[in-house]
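Reading the structure
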Amino acid sequence: MACKPVCKLCDRLVISQSVTFTGGNLVVNLPAGSYNNGQKYCIVIAQSIPDTATINAPVMITIGTGAELYPLTNRCCAPITACGIRTRTRYSTVVATSGTGGAFRLLGRACPCPSNNLTAIDGTAPTAPTAPTT
């Protein structure tokens, strides 16, 4: 199938205004407006992720000049961390509100994150890996 040279963008395509690392969170700022409960929005992370961001930093969303932080979560409501998103990537989300706030939930999967999980636990502290000798 050939790419259309001209096409209309979706009304709910939202391009981030900034991406910052502050307070231990990776904060994605979206344009001002009302994001409706149960509504789907396609969010594009347009800016570079700061080099200072840690891979386990939770991804939070702010709207316009508002200071409220809304978490970006997966379908099971687990927080998405900085290692799970990429620059210049579109994420399909749905807004889920509560009586006191809300969240943006991914409809698909986040990018794969590296895992440093232990293979098992046995009640003792894990030992640090030893450095190879030359």
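These lines cover the structure that appears in this document, whether it is placed above or below. On a predicted model such as this, the values are computed, not experimentally measured, just so you know.

Conventions we followed
Residues numbered from 1 in each chain as written. Predicted model: local features only at pLDDT ≥ 70, side-chain atom pairs only at ≥ 80, totals over all residues. Heavy atoms only, no water. Helix = DSSP H or I, 4+ residues; strand = E, 2+ residues; numbered from the N terminus. Buried < 20%, exposed > 50% of the residue type's maximum accessible area, 1.4 Å probe, protein only. Polar contact = N/O pair within 3.5 Å; in protein donor to acceptor, adjacent residues only side chain to side chain. Contact = heavy atoms within 4.5 Å. Pairing = 2+ DSSP bridges. Phe/Tyr/Trp six-rings, centres within 6.5 Å; stacked < 30°, edge-to-face > 60°.

Brief notes about the overall build of the chain
Helix and strand content of the chain: zero helices and eight strands. Seen in sequence order, the chain has helices and strands lined up from the N terminus as β-β-β-β-β-β-β-β. Looking at the chain residue by residue over its 134 residues, the buried ones come to 30%.

Some words on the side chain of N29
Within the element layout of this structure, N29 appears in strand β3 (residues 25-30). Of the residues examined, N29 reaches a relative accessible area of 10% and is grouped as buried. Side-chain polar atoms of N29 contact the side chain of Q17, separated by 2.7 Å. Setting aside chain neighbours within four positions, we find N29 in contact with S16, Q17, S18, T62, I63 and G64.

Some words on the pairing of strand β5 (residues 59-63)
With respect to burial, β5 is a largely interior element, five of its five residues being buried. Across the two faces of β5 the burial is the same, with V59, I61 and I63 and M60 and T62 all buried. Examined bridge by bridge, β3 and β5 share five bridges and lie parallel to one another. Of the residues in β5, the one forming a bridge with V28 is I61. Where β5 meets strand β6 (residues 70-73), two bridges bridge the pair, whose relative direction is antiparallel. Of the residues in β6, the one forming a bridge with M60 is P71.

A closer look at the packing of aromatic side chains
Following the criterion strictly, the structure yields three aromatic pairs and no others. Ring geometry for Y70 and F104: centres 6.5 Å apart, planes at 70 degrees, overall edge-to-face. Taken as a pair, Y70 in strand β6 and F104 in strand β8 (residues 102-106) lie far apart in primary sequence, 34 residues in all. A residue is classified by how much of its surface remains accessible, and Y70, at 21% relative accessible area, is partly exposed. For F104, a relative accessible area of 2% translates into the label buried. An aromatic cluster of three or more residues is present, and its members are Y35, Y41, Y70 and F104.

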